[in-house]
Amino acid sequence: MSKKLLIVESPAKAKTIEKYLGEDFTVKSSYGHIRDLEKGNDLGVDVNNGYLPKYIIPSDKYKTVKELKDSAARVSEVWLATDEDREGEAISWHLCEVLGLDPRVTKRIVFHEITKNAIQKAVLSPRTVDMNTVNAQQARRVLDRLVGWELSGLLWKKVKGQLSAGRVQSVTVKLVVEREREIQAFNVTPYFKIVAQFFAKNTQGKTVTFKAESPVRFEDPAGAEGFLQKCVGANYSVNNIEVKPTRRKPAPPFTTSTLQQEASRKIGFSVNRTMSVAQKLYEEGFISYMRTDSTSLSETALQATEAEILKQYGKEYHHRRQYKTKNESAQEAHEAIRPTYFERQNVSGNRDEQRLYELIWKRTMASQMADAELEKTIVDIAISTQPSAKLVAEGEVLKFDGFLKVYIESTDDEDEDTKDMLPPLAKGQKLDLDDMTATEKFTRAPARYTEAGLVKKLEELGIGRPSTYAPTISKIMETSKGYVVKESREGEERIFQIITLKDNKLSKTKGKEITGTTKNVLYPTDMGMIVSDFLEGHFKKVMDYGFTASVEAEFDHIAEGKLEWPRMIDRFYKPFHENVEKTLKDADRASGERILGLDPASGRTLLVRMSKLGKPVIQIGTGDELEEKESPRYANLRPGQSMETISLADALESFQLPRALGEFNGEILEVNTGRYGPYVKYGSTYISLSKGEDPFETTYDRAVELVKARIEADRPLGHYQELPITKGKGRFGPFLKWAELFVNVPPKVNFDALTEAQAIELIKQKVEKEANRYIQHWPEEGIALENGRWGPFIRFKKENLKLPPLEGAKMTADQAASLSLADVKAIIEKEMPGAFDAKKAAPKGKAAGKAAPKAKKK
């Protein structure tokens, strides 16, 4: 019983730490959180009892908790060593609660890096769980659950089912939406830039050319041509030379956000990938803690960096710096992200780990190196025929590379201009002109956000913290939500004018360029725009950037012990909840409807809107324009089109489907689009096109390729109970079809190499699951009592309804089995008043609210 138990968050971390602690400690992992707020049909927070969280141990953590309890029972003392941020502190507290430990006396250690010295030093100075920090994390978790639960439920009723919203998530989507609208509203204007090429001799006596530009830009071709015309027959000479010494300073060591930004720019990592790789590097003991907004380095790190710089580059390259964190609310950790051992330039991990480690090593080393020394030269060139005008040449010479020997920081600025070296020039020197051009340029809209750019903006606004950036961005890009997509899109060809002066003669030509090309940038979807507008219209405070940042400041005050977290929640939640109730009662369904004009063929209204299925549709005909029992005509938007920018002409083109492609094996081939997207029709078979594939560009050969693949896929994989088993891929992924049963194939199973035996096993599991699904079933009424993940529930047509509690506890499956049909109907009527009233005939004009016509499900 003498051995101590130390609990950390991850098994990789446990393995590394156990090597440093010797036989006195056994190290076990909690595998992250072991408790969370109750999910399913319960809010998980008692709003009438001081916002008391209802924590449960998730079913997938039962085994872990049992193992930790067993391990704790076999030792004399339990120590906690979870991460040092708020989330880590909360995990330590949850461990105390579950394992029956007293947080006031249980030893808790923290460290910035997983090295022998750091671990052994931490063991010598343990502390206890910081309940202020725990409460700050509880406040964030509770507030985010309250906001997310209520706003998501509202969106389900007012926009579309399965949508979600959140306190930080929604303002992040708003940033992307606002940037897109800023770009769409931007007025591109042309201008002309004057560039001259002159001859001069370099230091080796060889004739070279160098560039000089007019500091004045011209707004029209007439002004640019006039300037060049005046230069005909002109003489050029050096009027003034200004030489200025300049210095460039290195960037501070990485914080979480700057690491995410630089990893995106330099090695193309998404924020999620960066954090995943950084986590592995930390757990393996290669870098310090990776969730931090501090730029400072410990004294030990400063000394180790100095030693490595002196060893590799010499004394003149070292310059000791201690950076101060600009963010006053920095609270995640107390040191920048840095290597644990500076003499190690390579790590034993995979290529991703090596690349990210190298970035961290170089940035930290550079932060402690001398400034780069440059000499900047500015040369004014006089034009004899235009005394009031001039041309300017600029150049840079690197005198001492300093930190540039190791690292150069990247930016998102595509126009960043690098200065070349100039040949030796003297004041009064005559210059020979090679040519001079006036090239038409165009003003550019703000750039769309990259993931890294969005992280930078969130940090600037004070929204979120290091631990929240990556999950927030990942959340808004989930395909099930469909708010933001990361895409690369092709640009469009643009013609520009060039006016050239050469040998005292003017000539005009035209050039071509591709404009608007993007690579891995963030676009809001139509759904993202509609949801953002809806929330902005009804919840201005929640969607306000300043308010969201002020909430983060209040979390900081809780962590400092200056504010009680239930008071903070109460101040926000009560008016927010009232607003949700008011919006639920008064707000119309948000569809983003936009009338484009009239259909020239029928004279009916042509509009674009979001259907109840969450799909943008183009519609011809509304309300009184339609005959009795007549439905509107529908078409889908083409890839790359947006509800906000599609024109009437583009919308009309979408009604040119279906397109006949020809015949194959005696059956007609055509391409069309329907409820589930574009498809090829072959006889009575419907085959979905790939995501992003445009039905207007589908060729006969492509259609035949899809048909052949379908014929091959429809060949039976095998048989079960003398019935064929076939494979297919649908909107929810790969599946098996047997009898009338569809069976999803899990990702862990190799669908392409699926065997008959594996298929039969999946079918058996599905049959068993279906048998256990129903507690009671009334198919003729469209009502069922079913077993769900969170307990029994009512399925009424397409709605899932909670069962009321019995004697203050959740109703069990056995209790649900005793309910009569009348009992169940009474519960449904209470949840959905009028659910069983006789349906009234829909008045004429309701057709505009119908969803797009169904195509056969593929």
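Everything numeric in this text was worked out from a predicted model, so none of it was measured. (Residues numbered from 1 in each chain as written. Predicted model: local features only at pLDDT ≥ 70, side-chain atom pairs only at ≥ 80, totals over all residues. Heavy atoms only, no water.)

(A) Layout of the overall build of the protein. What the protein contains, in helices and strands, is 21 helices and 34 strands. Counting only C-alpha atoms, the protein reaches 105 × 85 × 55 Å along its principal axes. Out of the 858 residues belonging to the protein, those deemed buried represent 47%. Contacts in the protein between residues far apart in sequence, at least 24 positions, make up 68% of those at least 6 positions apart. Carbon and sulfur atoms make up 48% of the accessible area of the protein, which totals about 44,300 Å². Measuring between centres, the 133 positive side-chain charges of the protein sit 1 Å from its 126 negative side-chain charges. (Helix = DSSP H or I, 4+ residues; strand = E, 2+ residues; numbered from the N terminus. Buried < 20%, exposed > 50% of the residue type's maximum accessible area, 1.4 Å probe, protein only. Contact = heavy atoms within 4.5 Å. Areas by Shrake-Rupley, 256 points an atom, 1.4 Å probe, with all protein chains shown as cover. Lys, Arg positive; Asp, Glu negative; His and termini not counted. Charge placed at Lys NZ, Arg CZ, Asp CG, Glu CD.)

(B) Region of the structure containing the pattern of salt bridges. For the coordinates displayed, the defined rule picks out 55 salt bridges. Salt-bridge contacts for R571 lead to E554; the nearest nitrogen and oxygen are separated by 2.4 Å. Of this pair, R571 sits in helix α16 (residues 565–586) while E554 sits in helix α15 (residues 545–559), and the two are 17 residues apart along the sequence. Residue R571 is classed as partly exposed on the basis of its relative accessible area, which comes to 44%. For R773, the salt bridge goes to E786, with nearest N and O atoms at 3.1 Å. You can see R773 sitting in helix α19 (residues 756–773) and its partner E786 sitting in strand β32 (residues 783–788), a full 13 residues away along the chain. Residue classification places E786 among the buried residues on the basis of a relative accessible area of 3%. It is possible to trace a salt-bridge network through shared partners that takes in E9, K13, D83, D85 and R291. (Salt bridge = Lys/Arg side-chain N within 4 Å of Asp/Glu carboxyl O.)

(C) Inspection of the packing of α15 against α16 at higher detail. Between α15 and α16, the least distance of the axes is 10 Å, while the angle of their chain directions is 160°. Relative to α16, the element α15 lies roughly antiparallel. The chirality of how α15 crosses α16 is right-handed. Here F547, V551, E554, F555 and I558 of α15 lie close against α16, whose contacting residues are W565, M568, R571 and F572. Its residues assigned to classes, the contact of α15 with α16 shows seven nonpolar, no polar and two charged. (Axes fitted to C-alpha atoms, helices over the stretch in contact; angles between N-to-C directions. Parallel < 35°, antiparallel > 145°, perpendicular 65-115°, else oblique. Left-handed = near helix turned anticlockwise from the far one by under 90°. Nonpolar A, V, L, I, M, F, W, Y, C, P; charged D, E, K, R; others polar.)

(D) Layout of the environment of Q721. Relative to the helices and strands, Q721 resides in the loop between β27 (718–720) and β28 (723–730). Q721 gets classed as exposed once you look at its relative accessible area, which sits at 56%. Of note is the side chain of Q721, whose polar atom sits 3.4 Å from the side chain of Y720. (Polar contact = N/O pair within 3.5 Å; in protein donor to acceptor, adjacent residues only side chain to side chain.)

(E) Geometry of the side chain of R609. Among the secondary structure elements, R609 is positioned in strand β20 (residues 605–610). Buried charge without a partner: R609 forms no salt bridge, and the closest opposite charge is E593, 5.2 Å away. There is a polar contact of 2.7 Å between the side chain of R609 and the side chain of Q619.

(F) Spatial organisation of the packing of aromatic side chains. For the structure on display, the rule yields 19 aromatic pairs. Ring centres 5.2 Å apart and planes at 70° place the aromatic pair Y282 and Y289 in the edge-to-face group. For the pair Y282 and Y289, one class covers both residues: buried. Each residue in the set Y51, F539, F547, F572, Y573 and F576 is aromatic and connected to the rest through ring pairs, giving one cluster. (Phe/Tyr/Trp six-rings, centres within 6.5 Å; stacked < 30°, edge-to-face > 60°.)

(G) Quick peek at helix α5 (residues 131–158). Here α5 is 28 residues long and its end C-alpha atoms lie 40 Å apart, about the 40 Å a rise of 1.5 Å per residue gives. Summarising burial for α5: 20 of the 28 residues are buried, a large majority. The opening residue of α5 is D130, an N-cap whose side-chain oxygen sits 3.1 Å from the backbone nitrogen of N132. (Expected span 1.5 Å × (residues − 1).)

(H) Seen up close, empty space enclosed by the protein. Per the stated rule, a full pass over the model turns up two cavities of 30 Å³ or more. In this model, the largest cavity occupies a volume close to 50 Å³. As for the largest cavity, its lining consists of S164, A165, Q169, S170, V173, Y483, V531, S532, L535 and M543. Only α6 (167–185) and α14 (526–538) provide two or more residues apiece to the lining of the largest cavity. Residues that form the lining of the largest cavity fall into these classes: six nonpolar, four polar and no charged. (1 Å grid on protein atoms, 1.4 Å probe; cavity = no way out; pocket = protein on both sides within 12 Å on 5 of 7 lines; lining within 4 Å. Points joined across faces, edges and corners; volume = space filled by probe spheres on them.)

(I) Expanded view of the sheet that holds strand β23 (residues 659–664). Ordered by their spatial adjacency, four strands build an open sheet running β23-β24-β25-β26, and the pairing between neighbours is antiparallel. Of all the strands in the sheet, just β23 and β26 (685–688) have a single pairing partner and so form its edges. The average undirected angle you get between the axes of adjacent strands in this sheet is 30°. Helix α18 (residues 700–714) contacts β23, β24 (667–674), β25 (677–682) and β26 of the sheet and is inclined by roughly 55° relative to β23. (Pairing = 2+ DSSP bridges.)

(J) Examining the pairing of strand β2 (residues 25–29) more closely. Here β2 shows one buried face, formed by F25, V27 and S29, and one open face, formed by T26 and K28. As judged from the five bridges shared by strand β1 (residues 4–8) and β2, these two strands associate in the parallel manner. Paired with I7 across the two strands is K28, which belongs to β2. Read from β1 through helix α1 (residues 11–21) to β2, the crossover connection turns out right-handed. (Right-handed = clockwise from strand over helix to strand, strands pointing away.)

(K) The pairing of strand β34 (residues 799–802), seen in detail. Looking at chain direction, strand β33 (residues 791–796) and β34 are connected through four bridges and run antiparallel. Residue F793 lies in a different strand from β34, and its bridge partner there is K802. What sits between β33 and β34 in their antiparallel hairpin is a turn of two residues, with K797 showing a positive phi close to 55°.

(L) Region of the structure containing the nonpolar core. Grouped together as the largest cluster of nonpolar side chains are 147 residues, with contacts concentrated most on L6, F111, I287, L356 and I569. Top contributing element to this core by residue count: α5, with ten residues. Among all residues touching L6, those that are not within four sequence positions of it are I17, L21, F25, T26, V27, K28, W79, L80, A81 and I109. Counting 28 residues, the second largest nonpolar core, distinct from the first, contains F192, I194, F218 and I381. (Core = buried A, V, L, I, M, F, W, Y, C linked by side-chain atoms within 4.5 Å.)

(M) View of the sheet that holds β1. Read from one edge to the other, the open sheet built from four strands follows the order β2-β1-β7-β8, with strand pairing classed as parallel. The sheet is open, and its two borders are formed by β2 and β8 (107–108), each paired with just one other strand.

(N) Here's a closer look at unusual backbone geometry. Backbone torsion omega between L657 and P658 reads 5°, so that peptide bond is classified as cis. Within the fold, P658 resides in the loop between α17 (648–653) and β23. The phi dihedral of N520 is positive, around 50°, even though this residue is not glycine. Relative accessible area serves as the criterion here: at 39%, N520 is assigned to the partly exposed category. Notably, K629 is not glycine yet its phi reads approximately 65°, a positive angle. If you trace the backbone, K629 turns up in the loop between β21 (616–620) and β22 (633–636).

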